[in-house]
Amino acid sequence: MRTKILTIFFILLITSQVYGLALAPKTSLEEKRKFAGMPEFKAGKLLKSSYYRQLGKFLDDRYPYRSPFIVTKNWIDYHVFNTSPSPRVHIGRDGWFYLKRGMINYFKDDCSESARARNLARELNLIEKYLDSLGKRFFFVVAPNKTTIYPEFVGIKRSPHSCGKSFYDLFLTALKDYPLRGFIRLDQMLSEAKKDRQLYYKKGTHWNDRGAVLASRRILQRLSTPDVKYELPDIRYKEVYRRQDLAAMFALDLKERSDVAKIKDKSFKVTTERLPPLLMSGNFLMRITTEADKDHPLLPRTIIYRDSFMTQPLKIINGSFEEIDAIWTRTIPLDPEIDYNALGAAGIVIIEVIERNLNKVQFNERALLRATRSRPGY
């Protein structure tokens, strides 16, 4: 009898894996990667070890019990040992998660980057002067790292031997020599406002809607003119529970409460158009157009170079612009596939960058000159 039971067990074990392979890849894990493909079968490849390595990766990704085993390990790592199941995520104090590659500025040991910070300030200063000469308004926005606004929850002490300055600190110092009139500073405002409200997700990378609304309000204040003050529309908040991006890397059900901003103003209509990718993969153009009545003032045509931190603010401020061309990129502007007429016709140019990527911004001066000299209109 025992022999029969063992035989049935092994038959079920083997057939379940065959069944799993037939349906794979199915997984509850948010790995944000492409699964390994089946290597091409050729008789000559059977003698090569590379073929078996590729086959091994293919089978590993499709192992029927892979997902539950990984989720179980992650649960034990997090709930039992309080360690991060993901090499990309740091677990701080009081349930705060941090993206590890976003923590480098936290240690304030970037003084070797002083020359790069000065060059960035100089480039921005020159761009502002050039756009001023063309009658365009220029603004530069730095979205603060989560560690900059909430350093108290990181849970790691800075080295006493660090130089005491992050790249952002060095950039602020460089602005004394290369003033930037259009610099929209957010870190001081957010650090003060966090006393009243949580402004970043505990288990996410970005600011929450409360933080995004504050950033949006500050941006509109700076874009206002003596003649017209641009204000946010009526915003209400709805409480929801969602799993944020850093928690998703653990594949655990770690939802957190957040307030979602809802715009109640009906005096305008916004149309969003996703255009084909530009020069490089991941650099895409989103065109936002607003139709509003005469009592709803709109800012002129605007082009903004942005990253993921502007996703929420764009949803909040879009009804304040005639048109926004939002390009996700660190190369400003892209060349040669950017719509030069769009930049040439823009009355406002905005560059937004997350603090951790501040030292990675690249300026294509030749493309900027050619683009802004193009004739207005399409």
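Thresholds applied
Residues numbered from 1 in each chain as written. Predicted model: local features only at pLDDT ≥ 70, side-chain atom pairs only at ≥ 80, totals over all residues. Heavy atoms only, no water. Helix = DSSP H or I, 4+ residues; strand = E, 2+ residues; numbered from the N terminus. Contact = heavy atoms within 4.5 Å. Areas by Shrake-Rupley, 256 points an atom, 1.4 Å probe, with all protein chains shown as cover. Salt bridge = Lys/Arg side-chain N within 4 Å of Asp/Glu carboxyl O. Disulfide = S-S within 2.5 Å. Buried < 20%, exposed > 50% of the residue type's maximum accessible area, 1.4 Å probe, protein only. Pairing = 2+ DSSP bridges. Core = buried A, V, L, I, M, F, W, Y, C linked by side-chain atoms within 4.5 Å. Phe/Tyr/Trp six-rings, centres within 6.5 Å; stacked < 30°, edge-to-face > 60°. Lys NZ or Arg CZ within 6 Å of the ring centre and 35° of its normal. Expected span 1.5 Å × (residues − 1). Patch = residues over 30% accessible without salt bridge, like charges linked within 9 Å, V, L, I, M, F, W, Y side chains within 5 Å. Polar contact = N/O pair within 3.5 Å; in protein donor to acceptor, adjacent residues only side chain to side chain. Axes fitted to C-alpha atoms, helices over the stretch in contact; angles between N-to-C directions. Parallel < 35°, antiparallel > 145°, perpendicular 65-115°, else oblique. Left-handed = near helix turned anticlockwise from the far one by under 90°. Nonpolar A, V, L, I, M, F, W, Y, C, P; charged D, E, K, R; others polar. Lys, Arg positive; Asp, Glu negative; His and termini not counted. Charge placed at Lys NZ, Arg CZ, Asp CG, Glu CD.

1. A few points about the overall build of the chain
Consideration 1: Secondary structure summary: the chain contains twelve helices and 13 strands in total.
Consideration 2: Taking the intrachain contacts of the chain between residues at least 6 apart in sequence as the baseline, contacts between residues at least 24 apart amount to 72%.
Consideration 3: Carbon together with sulfur atoms contributes 54% to the accessible area of the chain, which is approximately 20800 Å² in total.

2. Concerning the pattern of salt bridges
Consideration 1: Considering all chains together, one arrives at 16 salt bridges under this definition.
Consideration 2: Residue Glu123 is joined to Arg122 by a salt bridge in which the shortest nitrogen-to-oxygen separation is 3.8 Å.
Consideration 3: The salt bridge involving Arg257 is made with Glu239; its shortest N-O contact spans 3.4 Å. Here the residue Arg257 occupies a position in strand S6 (residues 256-263), and Glu239 occupies one in strand S5 (residues 235-242), the gap between them amounting to 18 residues.

3. Digging into the state of the cysteines
Here, the word disulfide means a covalent bond between the sulfur atoms of two cysteines.
Consideration 1: As enumerated under the stated definition, the model contains one disulfide in all.
Consideration 2: Here Cys111 engages in a disulfide with Cys163; their sulfurs sit 2.2 Å apart. As the torsion about the S-S bond is roughly 95°, the Cys111-Cys163 disulfide counts as right-handed. Of this pair, Cys111 sits in the loop between strand S2 (97-99) and helix H4 (114-133) while Cys163 is found in the loop between helix H5 (146-149) and helix H6 (167-174), placing the two residues 52 residues apart along the sequence.
Consideration 3: Residue class for Cys111 comes out partly exposed when judged on its relative accessible area of 32%.
Consideration 4: In this structure Cys163 comes out as partly exposed when scored by relative accessible area, which is 32%.

4. Some thoughts on the sheet that holds strand S8 (residues 285-292)
Consideration 1: One open sheet accounts for seven strands, arranged S4-S3-S12-S9-S10-S8-S7; its pairing is mixed. Looking at the sheet topology across the chains shown, the edges are occupied by strand S4 (183-184) and strand S7 (268-274).
Consideration 2: For S8 and strand S10 (residues 323-328), the ladder comprises five bridges, and the chain directions are antiparallel. Counted as the bridge partner of Arg287 is Asp325 from S10.

5. A few points about the nonpolar core
Across soluble globular proteins, nonpolar side chains show a tendency to be buried alongside one another.
Consideration 1: Judged by nonpolar contacts, the single largest core of 44 residues is most densely connected at Tyr150, Leu186, Leu190, Tyr200, Trp207, Leu223 and Leu314.
Consideration 2: Counting only elements with at least two residues in this core, the list comes to strand S3 (137-143), helix H7 (187-193), helix H8 (209-223), S8, helix H10 (311-317), S10 and strand S12 (348-354).
Consideration 3: Considering each element in turn, this core owes the most residues, six residues, to H8.
Consideration 4: In this view, Tyr150 contacts Trp96, Tyr98, Lys194, Arg197, Gln198, Leu199 and Tyr200; residues no more than four positions away in its chain are not counted.
Consideration 5: Grouped together as the second largest cluster of nonpolar side chains are 31 residues, Tyr130, Phe138, Leu180 and Leu358 included.

6. Focus on the packing of aromatic side chains
Consideration 1: Evaluated as defined, the whole model comprises 14 aromatic pairs.
Consideration 2: Ring centres of Tyr150 and Tyr200 lie 6.0 Å apart, and the angle between their planes is 70°; this geometry places the pair in the edge-to-face category. Note that Tyr150 is positioned in the loop between H5 and H6 and Tyr200 in the loop between H7 and H8, a separation of 50 residues in sequence.
Consideration 3: Assessed through its relative accessible area of 0%, Tyr200 is described here as buried.
Consideration 4: Joined through ring pairs, the aromatic side chains of Trp96, Tyr150, Phe153, Tyr200, Trp207 and Phe309 make up one cluster.
Consideration 5: The residue whose ring lies beneath Lys146 is Tyr98, and the NZ or CZ to ring-centre distance is 5.1 Å.

7. Some details on H4
Consideration 1: With 20 residues, H4 should reach 28 Å at 1.5 Å per residue; the first-to-last C-alpha distance of 29 Å fits that figure.
Consideration 2: Once H4 ends, the next one or two residues include Gly135, with phi positive near 80°.

8. Some remarks on a nonpolar patch on the surface
Consideration 1: A cluster of nonpolar side chains, namely Trp75, Ile76, Val80 and Phe81, defines an oily patch on the protein surface of about 420 Å² accessible area.
Consideration 2: Within the secondary structure, Val80 sits in helix H3 (residues 66-80).
Consideration 3: Look at Val80 and you get exposed, because its relative accessible area is 51%.

9. Structural notes on the side chain of Ser224
Consideration 1: Here Ser224 shows up in the loop between H8 and S5.
Consideration 2: Accessibility expressed as a relative area gives 12% for Ser224, which makes it buried.
Consideration 3: A distance of 2.8 Å separates a polar atom in the side chain of Ser224 from the backbone nitrogen of Tyr230.
Consideration 4: Among residues more than four places away in sequence, those in contact with Ser224 are Arg137, Lys229 and Tyr230.

10. Thoughts on the packing of H4 against H6
Consideration 1: Remark: H4 packs on H6, axes separated minimally by 8 Å, with the N-to-C direction vectors making an angle of 50°. Relative to H6, the element H4 is oriented oblique. Here H4 and H6 pass one another in a crossing that is right-handed. Contacts between H4 and H6 involve Ser114, Arg116, Ala117, Arg118, Leu120, Ala121 and Leu124 on the former and, on the latter, Phe167, Leu170, Phe171 and Ala174.
Consideration 2: Here the residues of the contact of H4 with H6 are counted per class, giving eight nonpolar, one polar and two charged.

11. Observations regarding a positive patch on the surface
Consideration 1: A contiguous patch of positive charge, built from Lys238, Arg242, Lys262, Lys264 and Lys315, is present on the exposed surface.
Consideration 2: Taking relative accessible area as the criterion, Lys262 reaches 41% and is therefore assigned partly exposed.

12. Some details on H6
Consideration 1: Of all the eight residues making up H6, seven are buried; the element is thus mostly covered by neighbouring parts of the structure.
Consideration 2: Along its buried surface, H6 packs onto H4, S3, S4 and H7.

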